[in-house]
Amino acid sequence: MTSRKSIDPAALAMLEITEGDRISTAFSRADEMKPCPIGKGGACCRNCFMGPCRFTGKNAEQMRGVCGATLGTIAARNLARAIAAGAAAHSDHGRDLALTLRAVGKGEAKGYEIRDERKLYAVAGLLGVPTAGKSVQEVATAVGEKALASFGQQEGELAYLKRAPKKRQELWRKLNIAPRGIDREVVETLHRTHIGVDQDATNLLKHAMRTALSDGWGGSMLATDITDILFGTPTPVQSRVNLGVLQEDQVNLLVHGHEPVLSEMIVAAASEPAMIEYAKSKGAAGINLAGICCTANEILMRQGVPPAGNFLQQELAIATGVVDGMIVDVQCIMEGLVNASDQYHTKLITTSPKARIQGAMHIEFDEHHALEIARNIVKTTIDNYPNRKGKEGRVPDVTNELIAGFSHEYLNYMQGGVYRQSFRPFNEAVIAGRIRGAAGVVGCNNPRCTHDSAHFQIVRELIKNDVLVVQTGCSAITSGKFGLLTPEAMNLAGPGLREVCEAIGIPPVLHMGSCVDNSRILTVLTQAATEGGLGEDISDLPAIGIAPEWMSEKALSIGTYFVASGVKVIFGVDSPVAGSMEATRVISEGWEELVGGSLEFEPDPMKIVEKAIAHIDAKRAALKLEPYKPERFGQSGDARVLAAQNA
Ligand code: SF4
Ligand code: MSK
């Protein structure tokens, strides 16, 4: 039943086609591959070769592995390892950007430049890099060096922690979870989870928080800041989204993955007049660039390049028959793309030495020769245009408008202009009850639940209840597809939130970027917590984090660094520690007691909304704010004008 697989009409149309063509996709493979019920709940240990040890049945909590390990220990170890893998992925992304920044500073990376000098100097200040008497290039080199040093730092704490509210920093120090160095925390998680090391679920998962913090306030935050320095800090930009952005008469080039170092250069190469002429010489009307997953978010926010879809649409895009090249780097790239490309004509091109796929073409990317390599990739794609297999006419005519690119800096600016930048209007709107609270709705798609359905339902319900929503990753792309990232979506918002949207001219759902840009949300939360009137720590805020359709280890790291920063976080789908009551207790009540945030798993989207709103209201009550009364609002601005017109 295709209709239960997605709520996106473009995805549904393509699923009909892939089924007709008998092409396997993540959707069909999820039907064939039943998840292992033991591993799914974290109850299988394969950390040594006396096992694997599987904890099953009613007495699972009383069972012991060959080494004597309990179910609580093994579930905690499994979760900690997943968090470390997620933190490693984001942080390695950050490392690549730091290497690029250093190369740009040294004049070794032609084609790149420093686009946001102001941010470069702000980051230099945060990292303690002296700038007096130095050229921009020298500062860039020194910031790159300093950023790289934070990966291998062994003692002390990450410089960026001082961006957090003072109270939070003190708590991290008291609990001994302030991360020392990014690589150190990841390595220590792998050490602790080796057989015979840390065998206390609470202690193991406490270190998992330290590891996740090294991602959120370390690797990811560095990735975001350096991306802004190199490619510009985002400001709102209008574009379109969904598979309908593919153009039958043009060379379609899709960039997929995560690192903007590559995708930005592809944008530059594909815009060159000589390259467009070359495409025309092959019979195409031009070159059409679009994105998938987070690299799509990166080039959307800065260049307005349209996203063709989110995670579960990568194979569906190829099945349109008009994708001449799909360029991938790292993360969230399905090996199934090779099979899909073989069936149609798409050239699948891997570019990272860290991520090769058998059967794909490999053109290795190197930031020292970026533009040259990007040109080669674009040319290879153009050369493939005449090889289309006559599958035209399949591109679903489905797109939607969206506004993306709400960086923390822009949010600050939009609330007070150049001279009075602040979060005061936001805090006042929350205090007055116009905005009931805020929610970060982020993360992936997962074919174990209906594609896009939970994201859409949750975001729509939250704004209806006057909760301002900020988004990143594939979840943001979902909202774009359903028109929630446009100012017109204020018509779906509650009366108070609508007033705020009208006054500032923003959508009720703000696109803040890619997965690493969840670090922008940490900065926003810090500013709201320290602006005044909403307590003094992130844990005081009427705010919630939600990942409705998560699937990746990176999502677990993100969720955990929000928890360790004081946020209650609810994930959809299933819990990776469902098999163990002990591990479940540690990440919920245990973490709540320690850090004021907790991690919960709830598959039902409407229950997630109920819990989120109850949490927001409880935080409002704890702050002694006005109880939420929507009937007090809605008589201002456009609403009043419209009512008068209709009278
Ligand atoms: Fe089994 Fe212990 Fe080895 Fe895990 S570490 S596989 S529980 S013996
Ligand atoms: S791309 S990690 S599927 S959000 Fe960042 Fe989307 Fe999740 Fe990948």
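Please read these numbers as outputs of a predicted model, since none were measured by experiment. (Residues numbered from 1 in each chain as written. Chains lettered and ligands numbered in written order. Predicted model: local features only at pLDDT ≥ 70, side-chain atom pairs only at ≥ 80, totals over all residues. Heavy atoms only, no water.)

Asks: Looking at this structure, how should I read the domain arrangement of the protein?
Replies: Interfaces are often sized by the amount of accessible area the parts lose when they come together. Each assigned domain of the protein is listed here: domain 1 (61-231), domain 2 (243-387) and domain 3 (414-646). Counting from both sides, the interface comprises 18 residues of domain 1 and, opposite them, 15 residues of domain 2. Between domain 1 and domain 2 the total buried area reaches about 1400 Å² when both faces are included, carbon and sulfur atoms providing 53% of it. On the domain 1 side of the interface with domain 2, the three residues burying the most area are His93, Tyr112 and Phe231, jointly 39% of the side's total. Summed over the shared surface of domain 1 and domain 2, the number is three salt bridges. For Lys354, the salt bridge is made with Asp96, and the minimal N-O distance between the two is 2.8 Å. The interface formed by domain 1 and domain 2 holds five residue pairs in polar contact (both at pLDDT 80 or more) in total. Counting only elements with at least two residues in the side of domain 1 that touches domain 2, the list comes to α4 (71-105) and α9 (201-231). Looking at which element gives the most residues to the side of domain 1 that touches domain 2, the answer is α4, with nine residues. Looking at the side of domain 1 that touches domain 2 residue by residue, the class counts come to seven nonpolar, five polar and six charged. (Domains from an automatic or database assignment. Contact = heavy atoms within 4.5 Å. Buried area = accessible area lost by both parts, 1.4 Å probe. Salt bridge = Lys/Arg side-chain N within 4 Å of Asp/Glu carboxyl O. Polar contact = N/O pair within 3.5 Å; in protein donor to acceptor, adjacent residues only side chain to side chain. Helix = DSSP H or I, 4+ residues; strand = E, 2+ residues; numbered from the N terminus. Nonpolar A, V, L, I, M, F, W, Y, C, P; charged D, E, K, R; others polar.)

Asks: Explanation requested: the site of ligand 1 in the structure shown.
Replies: As a matter of local geometry, ligand 1 sits amid Cys45, Asn47, Cys48, Met50, Gly51, Cys53, Gly65, Val66, Cys67, Arg77 and Ile195. In terms of residue class, the shell around ligand 1 is built from seven nonpolar, three polar and one charged. (Near = heavy atom within 4 Å.)

Asks: Is there a simple way to explain the packing of aromatic side chains in this structure?
Replies: This model, assessed by the stated rule, comprises 10 aromatic pairs. Chaining the aromatic ring pairs together yields one cluster made of Phe406, Tyr410 and Tyr413. Its end group placed over the ring of Tyr160, Arg163 keeps NZ or CZ at 4.6 Å from the ring centre. (Phe/Tyr/Trp six-rings, centres within 6.5 Å; stacked < 30°, edge-to-face > 60°. Lys NZ or Arg CZ within 6 Å of the ring centre and 35° of its normal.)

Asks: Whenever I open this one, the side chain of Arg180 confuses me. Can you help?
Replies: Structurally, Arg180 is set in the loop between α7 (166-175) and α8 (182-192). Judged by relative accessible area, Arg180 falls into the buried class, the value being 13%. If sequence neighbours within four positions are ignored, Arg180 has contacts with Gln153, Gln154, Glu155, Gly156, Glu157, Leu158, Glu185, Glu188, His207 and Arg210. (Buried < 20%, exposed > 50% of the residue type's maximum accessible area, 1.4 Å probe, protein only.)

Asks: Explain the site of ligand 2 here, please?
Replies: Contacts to ligand 2 come from His258, Cys293, Cys294, Phe311, Cys332, Gly443, Cys444, Cys474, Cys515, Met551, Ser552 and Lys554. In terms of residue class, the shell around ligand 2 is made up of eight nonpolar, three polar and one charged. Taken together, domain 2 (243-387) and domain 3 (414-646) each give at least three residues to the shell around ligand 2, which thus spans both.

Asks: Even after reading the chapter, I still don't get unusual backbone geometry, so can you show me in this structure?
Replies: Cis geometry marks the peptide bond from Gly51 to Pro52, where omega comes out at 0°. Positionally, Pro52 belongs in the loop between β1 (44-45) and β2 (53-54). The backbone of Cys332 shows a phi angle near 70°, a positive value even though the residue is not glycine. Here Cys332 shows up in the loop between β7 (323-328) and α14 (336-343).

Asks: Sorry if this is basic, but what is going on with the environment of Ser239 here?
Replies: Secondary-structure assignment places Ser239 in strand β3 (residues 237-241). Residue classification places Ser239 among the buried positions, given a relative accessible area of 8%. Taking C-alpha positions, Ser239 is 40 Å from Gly41, a pair spaced 198 residues apart along the chain. Apart from residues no more than four positions distant in its own chain, Ser239 is found in contact with Leu300, Gly304, Val305, Pro306, Asn400, Glu401 and Leu402. Here Gly304 takes part through its backbone oxygen, which lies 2.8 Å from a polar atom of the side chain of Ser239.

Asks: When you look at α7 in this model, what are you seeing that I'm missing?
Replies: The periodicity of an α-helix, 3.6 residues per turn, causes residues three or four positions apart to be oriented the same way. Residues of α7 that are buried: Arg168, Gln169, Leu171, Trp172 and Leu175. In an axial view of α7, the angular spread of the buried residues amounts to 160°, which keeps them on one side of the axis. Pointing more than 90 degrees away from the buried face of α7 are the exposed residues Lys166 and Lys174. Buried residues in α7 make contact with α9, α22 (553-564) and α23 (581-595). Of the residues one or two after α7, Asn176 is the one with positive phi, at around 60°. (Arc of directions from axis to C-beta.)

Asks: Teacher, can you tell me more about the sheet that holds β7 here?
Replies: What links the strands of a sheet is backbone hydrogen bonding, and the strands pair in either a parallel or an antiparallel sense. As summarised here, the arrangement of the six strands in space is β6-β5-β4-β7-β8-β9, forming an open sheet in which the pairing is parallel. A single partner strand is all that each edge strand has here, and the edge strands are β6 (307-309) and β9 (361-362). Note that strand β8 (residues 347-350) and β9 share two bridges and pair parallel. The partner of Thr350 across the bridge, within β9, is His362. Contacts from α14 reach β4 (251-256), β7 and β8 within the one sheet, and its direction differs from that of β8 by about 150°. (Pairing = 2+ DSSP bridges. Axes fitted to C-alpha atoms, helices over the stretch in contact; angles between N-to-C directions.)

Asks: How do you make sense of the pairing of β8 when you look at a structure like this?
Replies: A regular strand places its side chains on the two faces of the sheet in alternate fashion. As judged from the four bridges shared by β7 and β8, these two strands associate in the parallel manner. In the strand pairing of β8, Val328 is matched with Thr350. The parallel pair β7 and β8 is bridged by α14, and the resulting crossover is right-handed. (Right-handed = clockwise from strand over helix to strand, strands pointing away.)

Asks: Honestly, the pattern of salt bridges in this entry has me stumped. Any pointers?
Replies: Note on pairing: side chains with opposite charge can pair once their charged atoms come close. In total, this model carries 43 salt bridges according to the counting rule given. Lys354 serves as the salt-bridge partner of Asp92, at 3.0 Å between the closest nitrogen and oxygen. Taken together, the residues span a long stretch of sequence, with Asp92 in helix α4 and Lys354 in the loop between β8 and β9 at a distance of 262 residues. We classify Asp92 as partly exposed; its relative accessible area is 22%. Owing to a relative accessible area of 49%, Lys354 belongs among the partly exposed residues under this scheme.

Asks: Looking at this structure, I do not really get the packing of α4 against α9. What am I missing?
Replies: Packed helix pairs are specified by the crossing angle of their axes together with the interaxial distance, meaning the distance between the axes. Where α4 contacts α9, the two axes come as close as 8 Å, and the packing angle between them is 20°. Between α4 and α9, the angle is such that the two are roughly parallel. Crossing handedness for the pair α4 and α9: left-handed. Split into classes, the residues belonging to the contact of α4 with α9 amount to 20 nonpolar, 13 polar and two charged. (Parallel < 35°, antiparallel > 145°, perpendicular 65-115°, else oblique. Left-handed = near helix turned anticlockwise from the far one by under 90°.)

Asks: How do you make sense of the environment of Arg460 when you look at a structure like this?
Replies: For Arg460, the location among the structural elements is in helix α18 (residues 453-464). It is 27 Å that separates the C-alpha atoms of Arg460 and Glu315, two residues lying 145 residues apart in sequence.

Asks: Help me out: how do you make sense of the sheet that holds strand β15 (residues 568-571) in this one?
Replies: The six strands lie next to each other as β13-β12-β11-β14-β15-β16, forming an open sheet whose pairing is parallel. Unpaired on one side and paired on the other, β13 (509-511) and β16 (598-601) mark the two borders of the sheet. The sheet shows a mean angle of 20° between the axes of neighbouring strands, taken without regard to direction. Here strand β11 (residues 437-441) runs beside strand β14 (residues 543-547); their pairing, made up of four bridges, is parallel. For Ala439, the partnering residue across the bridge sits in β14 and is Ile544.

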